[in-house]
Every structure is written in C-alpha cells, then in structure tokens.
Amino acid sequence: MTPDADLDPVSTEFFHIGRWRGLRAPDFGVSAPVQLLARRRGDTHVRPGEPHTNRRRHKAAPWLASTSLQLAGRQQAAVPGRLYSGMAKSNQAFSWSMPVLKILGPVALIAMLTAGTGAASPGAHATERAIIVFDGSGSMWGQIDGKPKLEIARQALRDMLETVPDTMELGLMAYGHREKGNCSDIETLVAPAANTKGAIVQAVQSMRFLGKTPLSAAVQQAAAELRHTEDKATVILITDGEETCNADPCALGTELKQSGVDFTAHVVGLGLTKQQGEQVACLAHNTGGQYFAADDAARLSHALNAAMQATRAAPPEPEPEPALPAATLDAPEVAGAGVFIEIGWTGPDAPGDYVTIIDPQESDIQSGAYERTERGSPIKLQTPGTPGNYEVRYVMAGRSAVLARQAIKLVPVEATVSGPESVGAGGWVTVQWTGPDSPGDYITVVEAGAPDAKYNDYARTSSGNPVRVVAPDSEGRYEIRYVLDKSTRVLASQPLILAPVSASLELVGNAVPGGTATVAWTGPNNRGDYITIVPKGAPAEKYLDYARTEPGTPVTIRMPQEPGEYELRYVMDSSKRVLANLPMVLPHIAAEADAQDAEAAAAATGEPLTSGSVGVP
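Section: the pattern of salt bridges
Scanning the entire structure with this criterion turns up 21 salt bridges. Note that E475 and R577 form a salt bridge whose closest N and O atoms lie 3.1 Å from each other. With a gap of 102 residues between them, E475 in the loop between β26 (467-470) and β27 (476-484) and R577 in strand β35 (residues 577-586) connect regions that are remote in the sequence. Here K536 ties to E565 by a salt bridge, and the two come within 3.3 Å at their closest N and O atoms. One end of the pair, K536, is in the loop between β31 (530-535) and β32 (546-548); the other, E565, is in strand β34 (residues 564-572), and 29 residues separate them in sequence. Residue K536 is classed as exposed on the basis of its relative accessible area, which comes to 54%.

Shown next as structure tokens:
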C-alpha cells in the first residue's frame, strides 16, 4: 500500500512534504529525520461545539489529529490545540476547521518542527547522583600519625568536595554517630540534591563518633534512597572498620548489582588491615566499583578523589588532557632507613604537587611520607623506617600523575645505648645514646624480649643526651632500647636488671579520727611514690588522703573521720604495688579525750605512743 492510498487529501499533501523533502530538526538535539506519523481514515473525533456525547465519524486531517514528533527518544506534542491521539481519550477535540488547515498547513507544519526546540542539546548527559556514606563509629577516634582518623577524613572530604561541580546531586548518610551499640543508628544528614557541598561539610563537622559499624545496612539504605532499581545510582562508602552488625557486605554487593538499573559502590578504607580491606572490597567489586586503601592523610585524599572521579559520569566527548609537564628528581641512591635526606627537584610546582618515597610496587595514586613542592628545592624528607628498595616520586596532584621517578635503596642505620647494669625497680635510669636522632626516636625500658612496638616510660632523643626514663616497678630482666619511631624498629639495646626494693613505715605519735598523723618512711622514693591510709584489707589501688615521698621523710596525712582498723601504706605509683604497710587502729570518739591526754604525755616524755614498721620485699 502506498502512503497515499489510505490518507485523506489534506493529510496526503503534508505526508509528501515530510517524505520527499526529508525534513530534519537541526536544533532538536537529534540527527534522524523527523517522523510524521499519520493516522488512517475513519478515526473518531468530535467536531467543535458538539457535545462529548454526540460522537460521529469524520474524515479528519490525520496528520493534525494524531501526529507527533519523535525527538531525542521522547514523544513531543507537535501542534497547538487539544488534539485527539490514539493513546488519549476519544472525547478530545481540536479547534481548527478544515479550510483553515488547508490554507495554513505549511505554517502549522513549521510550528510542529519548532515546538521541540526546548529538548536536550547535543552532548547532554544524565544528572550525576550519589550518596556519601560516612563512618561515624567510635573507632574513628583512633589515630594515624598522631591525628584522629575522624579529623583526617573530614579534611580529605572537604578537599574532595572542592572538585565536585555544583550541578552534581550529592547526598550524605552517616552511621554510628548518635548512639553506642545500636546497629540501626543510620541517618540521612543531607538529601541528594545539587549545591549541597556546603551542607555536607557542615554536617560532617557536626557529627559525633560513638557507635558500631552497620556499613552494609547503610549502603543498602543509600541505594534505596537513590531509587537504584529505577535510575543510575552510586554510593561512596568511607569506613575505618569492617562490618560489626552481622551482615555480609559481599552478598549485599551482589544483591544490589542484580536489583539495580546501574548501581555502583566505591569503598574507601581508612587504616584497614589486609583482612578488613578484603571484606569491604568485595562490596565494591561485586557492584563493578573500586576499592581504595588509605593508611594516612595523603592516601585518603587521593583515594576520595579517585572514588569521586570514578563516580562522576564522563561527558560523551571528553577533550583530551594536555600533555604532562616534565619533572626531575635528584636524590641519593643509598640512604639510611628512617633518616632525613635532601631531595632536589624541578617541575611545574602546581598546587598540591609533592615528592614522596614509596614502595615501587604501589600504584601511582598511593603515597608514603611526602613533602609539598611549594616548600622549594631541595626538600627534606624522612625515609621509611624499614630497609629495602624504594622509589622517590614527583606527583602532580591535580592530575594524580607521577611526573618523575628515581630508585633509592634504604639500608639499616646504627645506634648505641649505654646505661647502668642494674637499678632498683621503679627507679630512674640515665642513658647515653648515639643514633640518627630522627623525629620521634626514643629511649625506653621494656621487658627482655618484648616486641619492638612495646614501650613503657620513654624519652625522645630530641630532648638531649643523656636522657632519663623511669624503670618499671617490677623487678626482673629488662632492656634499655633505642627505637626508631617511624617504624618502631629497635636500633640498639642493652640488658638491665631491676633489683628488688623495700620500704618501711613508722607512725610518730598518736593518731585520732579526723586528725593528722606524722609518718616516717624509708623506701626507693621513685617518681610518684606515696604514703596513704586505707581501710584494713583494701585493694592495692585504693587510697584516701596521701602524701608524696618526694619531699622526704616524715610526711603528714589526714586521718579518716570514722574510727576503726586501717593500714598505712607505701605505694609505688606506676604499678600501685604496695611495698610496706603498717596496721593501726583509730579509737572511737568516746576515747578521744583519753587519747589526747595520752598524746600529750607522749609528747612530754619524747617517746612515741604506738609505732611500728613492716617491710615487704
């Protein structure tokens, strides 16, 4: 059947206009010819002025009554007026008469073609929508390089948001930020919308960090809020721990991928162990997303930028990035592990550019200890504390690109410690040392054979030479150690014997409830040691009024108000070990007058009324 065979004369005329002139809509955002869909004769419509109930069949202009434009995948109304459509109710009417249509037909057709000029322009793409799920659990108070993880994460998020366009619809969800131990503590703090960057920063800054880590449930709620079963949706999870609410992140990732239209989760793990990282990484991988590990501030910043870059939809025709600028490095080929070295460099010195020393197997977006190039050339940078083969890199932060590399071998550094062979338990130990004196290096006394990371009281090498540290309170075999703080690696050690110590107590004069008593003592007089009075048989850590031994002997202590059986004690402060005790009785109030007379008599003769001492080896 030809196009003319089943159409009215008027509609045939305009069908030919569309067919033979190959009409196109250059401003509609489409490249295919405009399709004019003509209805066949016999369609039902209502003439103007007729009641809706008085339906008759007429040969209307099909091109007008049912024509639409297929523009950019969306059906657009082409002609002004109330038009009858095969998909609409049959009681609709139009207001143009047939003679007018025959005269104004070409004009009407032009109107049809120009009605879609509000359609999307070429190259437009879907709105980017994502929710950041932020860990508010109590473990975020843990520290990395002396700084709480929550502060590191807040700053990294602020920096990342500066790169996000205002048009991106971005939201914020948190968990564990309101209650301890509640796996349902999940809340949307900022709903996904454009121009939310300031609100997100303010919300994160106001968060508390208290509870558990229901990360699976939080990601699931974020996906639901983004309507992941209907639209493209992305979730960025920032966590410093594994799931703690009996959920399976791996299974959740598979479920969300299967149920979503185009759902992706990216996970940023802050300070996670390898095992913890594997648990949350599968949540990302099972949705087609990426896992980014970060164990310090710089790596977290890079990870968040990479996660956001992976989240944002790329434009359909991205312009190629300009060629990377050149850079050079001038570092020693061999250096000591954990020491400072000078590194010369040349390069663009763009904002955020830095020089770092890192394992050569690490990806380009990872970093170790670093220094910004804005400080000039050369820079001073501390090498990693573990010997081995490393790589010095010049990194252009804005492009996450390594512009220059140089291999460096780190060798062990040497140190010595020299102190006494034996001191009393809990006493002061004076130590001479030699070593790299890197920032944070310290001297400590620990049990013989203790792990390298173990320490008790310590003194930084930066405080001078020699240094003084307090030995543990318990006797036995110990070690004096020089520890490289960067890696907690022991560079030097010397055996040390902590000898047993003893003490004795003597009550000088009488003691009454609420009064003061004078106590003479002997003992090691270590830092913080004290004399106290407690009820008879009280735990070692119990104390009432007390006096430090540092001022010397005797000391004065206030007696309890209640009469009864008590003990005077000599206590070593750091371990609360009781070195000596002296039982005593505070008399009842009725005997107070007699006690005062007895005290006066004792003072007159110069002899103590009651005294004694008990030594505990």
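Some thoughts on the side chain of D135
As for its position among the elements, D135 is in strand β5 (residues 129-135). Although D135 is buried, it makes no salt bridge; K149 carries the closest opposite charge, 7.5 Å away. Looking at D135, its side chain comes within polar contact range of the main-chain nitrogen of D240, at 3.0 Å. Beyond its immediate chain neighbours, meaning those up to four positions away, D135 contacts M140, Y175, M207, F209, T213, I238, T239, D240 and G241.

Observations regarding the sheet that holds strand β18 (residues 379-382)
Pairing in this open sheet of 3 strands is antiparallel, and the strands run β13-β15-β18 from one edge to the other. The open sheet has two edge strands with one neighbour each: β13 (328-330) and β18. Recorded for the sheet is a direction-independent mean angle of 40° between the axes of neighbouring strands. Here strand β15 (residues 340-346) pairs with β18 via 4 bridges, running antiparallel.

Some thoughts on the packing of aromatic side chains
In the structure shown here, the tally under the stated rule is 11 aromatic pairs. Among the aromatic residues, those joined into a cluster by ring pairs are Y442, Y455 and Y458. Between the NZ or CZ atom of R468 and the centre of the ring of W428, over which it lies, the distance is 4.1 Å.

Side note on the packing of helix α4 (residues 149-161) against helix α5 (residues 197-206)
Where α4 meets α5, the axes come as close as 10 Å, and the angle between the chain directions of the two elements is 180°. Considered as vectors, α4 and α5 are oriented roughly antiparallel to each other. Across from R154, L157, R158 and L161 in α4, the residues of α5 making contact are K197, I200, V201, V204 and Q205. Of the residues in the contact of α4 with α5, the class split is 5 nonpolar, 1 polar and 3 charged.

A look at the state of the cysteines
By the definition in use, this model includes 2 disulfides. Across the disulfide, C183 is cross-linked to C245 (sulfur-sulfur distance 2.1 Å). The sign of the -90° torsion about the S-S bond sets the C183-C245 disulfide as left-handed. Taken together, the residues span a long stretch of sequence, with C183 in the loop between β8 (169-175) and β9 (186-193) and C245 in the loop between β10 (232-239) and α7 (249-259) at a distance of 62 residues. The exposure class assigned to C183 is partly exposed, which follows from its relative accessible area of 31%. Between the sulfur atoms of C250 and its disulfide mate C282 the distance is 1.7 Å. Across the disulfide from C250 to C282, rotation about the S-S bond amounts to roughly -85°, and the bridge is consequently left-handed.

Examining the pairing of strand β24 (residues 442-447)
Across the 6 residues of β24, 5 count as buried, placing the element largely inside the fold. Alignment of β24 against strand β25 (residues 458-460), held across 3 bridges, turns out to be antiparallel. In the sheet register, T444 faces β25, and the bridge partner there is Y458. The pairing of β24 with β27 spans 6 bridges and is classified as antiparallel. Bridge pairing links T444 to R481 in β27.

Here we look at the environment of V417
Of note, V417 is situated in strand β21 (residues 416-418). The sequence separation of V417 and I443 amounts to 26 residues, and the corresponding C-alpha distance is 8.4 Å. The contact partners of V417, leaving out residues within four places of it in the chain, are V431, Q432, W433, I443, I480, R481, Y482, A492, S493 and Q494.

Conventions adopted
- Residues numbered from 1 in each chain as written.
- Predicted model: local features only at pLDDT ≥ 70, side-chain atom pairs only at ≥ 80, totals over all residues.
- Heavy atoms only, no water.
- Salt bridge = Lys/Arg side-chain N within 4 Å of Asp/Glu carboxyl O.
- Helix = DSSP H or I, 4+ residues; strand = E, 2+ residues; numbered from the N terminus.
- Buried < 20%, exposed > 50% of the residue type's maximum accessible area, 1.4 Å probe, protein only.
- Lys, Arg positive; Asp, Glu negative; His and termini not counted.
- Polar contact = N/O pair within 3.5 Å; in protein donor to acceptor, adjacent residues only side chain to side chain.
- Contact = heavy atoms within 4.5 Å.
- Pairing = 2+ DSSP bridges.
- Axes fitted to C-alpha atoms, helices over the stretch in contact; angles between N-to-C directions.
- Phe/Tyr/Trp six-rings, centres within 6.5 Å; stacked < 30°, edge-to-face > 60°.
- Lys NZ or Arg CZ within 6 Å of the ring centre and 35° of its normal.
- Parallel < 35°, antiparallel > 145°, perpendicular 65-115°, else oblique.
- Nonpolar A, V, L, I, M, F, W, Y, C, P; charged D, E, K, R; others polar.
- Disulfide = S-S within 2.5 Å.

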